[in-house]
Amino acid sequence: MTAQITHPVSGVESPTPAPGPAPSRLRRLTRAVLPGPAPGANGAAMYRRWWLPWLWTAPAIGCAVVFGVFPFLNTLLLSFTNAKPLGGAAGFVGLDNYTRMIQDDDFWLATRNSILYAVIVVPLMVLLPLMLAVLVEKNLPGIGFFRSAFYTPVLASSVVVGLSWQWLLADDGLVNTWLEKAHLIKSAVPFLSDSWLILLSAMGLTLWKGLGWYMVFYLAALGNVPRELHEAAQMDGAGAVRRFWHITVPGVRQAMMLVGTLTGIGSLRVFTEIYMLGSSTGGPGGADRTLPFYIRDVGLDPIIGNAGYGSAVSVALFALTLGLTLLAQRLTKEDES
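### What to know about the overall build of the protein chain
Broken down by element type, the protein chain carries 14 helices and 2 strands. When each of the 337 residues of the protein chain is scored for burial, the buried share is 33%. Within the protein chain, residue pairs in contact and separated by at least 24 positions form 62% of the contacts whose partners lie at least 6 positions apart. Total accessible area computed for the protein chain in this model is approximately 21200 Å², and 68% of it derives from carbon and sulfur atoms.

In structure tokens:
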């Protein structure tokens, strides 16, 4: 039966076509999957389907799962076993690895070195690149050369830089030779044989290599600080130091939080600097080993290594890093409020 509708202008009644048969189940499924005009959409949205965003992000998600989520879960699982570095049968040992870790003096020594590394390096790495960025921010003749020179260590390999510092800090190296000729010391300073000096030298290497990288961060942040504030403060008689602490530092506070977080995470993961300056033992008697260095020794040694125990130490390092990150986020939120 055909329904009748009346035209609003002519008043003539015209038949309304009867609705066609309902689309089949296969046709509805095809419309949902294959691109085609979507009802109620305009422009490009007519041919967009729900799965298209997932299609574009699938490679990144796949890489994150394969190289991030799976290794983390595998490490967490291995921390409850006595697995060997080269494979083989692994037995479940429960919390034995974590109990051993708590009672291990070498673990606490490595933890102390990592935390000490972060406590000293992070404040310096937050402040020194900012001061360097302030110095090279102005458009002066030849300033590009100095910016490039300060950034050059970032481009150099960590191994190459470590070898260079070995040559500089050796007993007969450039630093000791210069100090002796200047009559500032009577005997060579044991930069590469004293445990504390090795740790401090490694911190200096980290600072020297990272200054140029974080300087770029601050250069971008300084561009957002209004020049009018500096001009007004200068007219009121404020000096350069006072303008730095009361205008520049508050203006780049978010960048400082970012640099502090990245530097803290990097300080807890330091390995190459200790290895290059303290040799493969991590200083005399392993006194300068950090947590990544200790994980290599106890978890990856093909003869006496225990991958399960190394995984437990890795979980502890992850917890320490996560705690530092959450603390930085909380400080950032408190600063914003």
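### Observations concerning the environment of serine 267
Within the secondary structure layout, serine 267 lies in helix 11 (residues 253-268). Not counting the four nearest positions on each side in its chain, serine 267 is found in contact with Ser114, Tyr117, Ala118, Val121 and Val122. Of note is the side chain of serine 267, whose polar atom sits 2.8 Å from the backbone oxygen of threonine 263.

### Digging into the packing of aromatic side chains
Applying the stated criterion across every chain, the model contains 11 aromatic pairs. With centroids separated by 5.5 Å and ring planes inclined at 55°, the aromatic side chains of tryptophan 213 and phenylalanine 217 adopt a geometry described as tilted. A residue pair is termed a helical-turn pair when its members lie 3 or 4 positions apart in one helix, as tryptophan 213 and phenylalanine 217 do in helix 8 (residues 195-222) at 4 residues. Overall, phenylalanine 217 belongs to the partly exposed group, its relative accessible area being 23%. Both rings, one in tyrosine 214 and one in phenylalanine 217, keep their centres 5.6 Å apart while their planes meet at 65°; by these two values the pair is edge-to-face. One end of the pair is tyrosine 214 and the other is phenylalanine 217, both in helix 8 and 3 residues apart, which spans about a single turn. Residue classification places tyrosine 214 among the buried positions, given a relative accessible area of 10%. Taken together, the ring pairs connect Trp213, Tyr214 and Phe217 into an aromatic cluster. One cation-aromatic arrangement involves arginine 100 over tyrosine 309; the distance from NZ or CZ to the ring centre is 3.8 Å.

### Re unusual backbone geometry
A positive phi is found at histidine 183, a non-glycine position, where the angle reads about 60°. As for its placement among the helices and strands, histidine 183 is situated in the loop between helix 7 (174-181) and helix 8. For histidine 183, a relative accessible area of 70% puts it in the exposed group.

### Section: the layout of surface pockets
Each pocket or cavity is described by its volume, and for the largest pocket that value is around 520 Å³. As for the largest pocket, its lining consists of 17 residues, of which Val134, Glu137, Lys138, His230 and Arg243 are closest to the centre. Those elements that provide at least two residues to the lining of the largest pocket are helix 4 (105-136), helix 9 (227-235) and helix 10 (240-251). Its boundaries defined by the atoms lining it, the second largest pocket holds a volume of some 340 Å³.

### A closer look at the nonpolar core
Within the largest apolar cluster, 54 residues are counted, with the highest numbers of intra-cluster contacts made by Tyr117, Leu130, Tyr218 and Val313. Tallying contributions element by element places helix 4 first for this core, with 12 residues. When sequence neighbours within four positions are dropped, the list of residues in contact with tyrosine 117 reads Val122, Leu199, Ala202, Met203, Thr206, Ser267, Val270, Glu273 and Ile274.

### Focus: empty space enclosed by the protein
The full count for this structure, using the stated rule, is 1 cavity of 30 Å³ or more. In this structure, the largest cavity encloses a volume near 30 Å³. Counted by class, the lining of the largest cavity contains 2 nonpolar, 2 polar and 2 charged residues.

### A closer look at the packing of helix 6 (residues 158-169) against helix 8
As a packed pair, helix 6 and helix 8 sit with axes 11 Å apart at the nearest point and diverge in direction by 130°. Of the possible angle classes, the one that applies to helix 6 and helix 8 is oblique. For helix 6 against helix 8, the interelement crossing comes out right-handed. Here Ser158, Val161, Gly162, Trp165 and Leu169 of helix 6 lie close against helix 8, whose contacting residues are Ser201, Gly204, Leu205, Trp208 and Lys209. By residue class, the composition of the contact of helix 6 with helix 8 is 5 nonpolar, 4 polar and 1 charged.

### With respect to helix 13 (residues 291-299)
Where burial is concerned, most of helix 13 is hidden: 8 out of the 9 residues are buried. Along helix 13, the positions that sit buried rather than exposed are Leu291, Pro292, Phe293, Tyr294, Ile295, Asp297, Val298 and Gly299.

### As for a nonpolar patch on the surface
Together, Trp54, Ile61, Val65, Val66, Phe67, Val69, Phe72, Leu73, Leu76, Phe318, Leu322 and Leu326 make up an exposed nonpolar region whose accessible area comes to about 1100 Å². Elements with a contribution of two residues or more to the nonpolar patch: helix 2 (52-78) and helix 14 (307-336). Within the secondary structure, leucine 76 is located in helix 2. Assessed through its relative accessible area of 31%, leucine 76 is described here as partly exposed.

Definitions and cut-offs
Residues numbered from 1 in each chain as written. Predicted model: local features only at pLDDT ≥ 70, side-chain atom pairs only at ≥ 80, totals over all residues. Heavy atoms only, no water. Helix = DSSP H or I, 4+ residues; strand = E, 2+ residues; numbered from the N terminus. Buried < 20%, exposed > 50% of the residue type's maximum accessible area, 1.4 Å probe, protein only. Contact = heavy atoms within 4.5 Å. Areas by Shrake-Rupley, 256 points an atom, 1.4 Å probe, with all protein chains shown as cover. Polar contact = N/O pair within 3.5 Å; in protein donor to acceptor, adjacent residues only side chain to side chain. Phe/Tyr/Trp six-rings, centres within 6.5 Å; stacked < 30°, edge-to-face > 60°. Lys NZ or Arg CZ within 6 Å of the ring centre and 35° of its normal. 1 Å grid on protein atoms, 1.4 Å probe; cavity = no way out; pocket = protein on both sides within 12 Å on 5 of 7 lines; lining within 4 Å. Points joined across faces, edges and corners; volume = space filled by probe spheres on them. Core = buried A, V, L, I, M, F, W, Y, C linked by side-chain atoms within 4.5 Å. Nonpolar A, V, L, I, M, F, W, Y, C, P; charged D, E, K, R; others polar. Axes fitted to C-alpha atoms, helices over the stretch in contact; angles between N-to-C directions. Parallel < 35°, antiparallel > 145°, perpendicular 65-115°, else oblique. Left-handed = near helix turned anticlockwise from the far one by under 90°. Patch = residues over 30% accessible without salt bridge, like charges linked within 9 Å, V, L, I, M, F, W, Y side chains within 5 Å. Salt bridge = Lys/Arg side-chain N within 4 Å of Asp/Glu carboxyl O.

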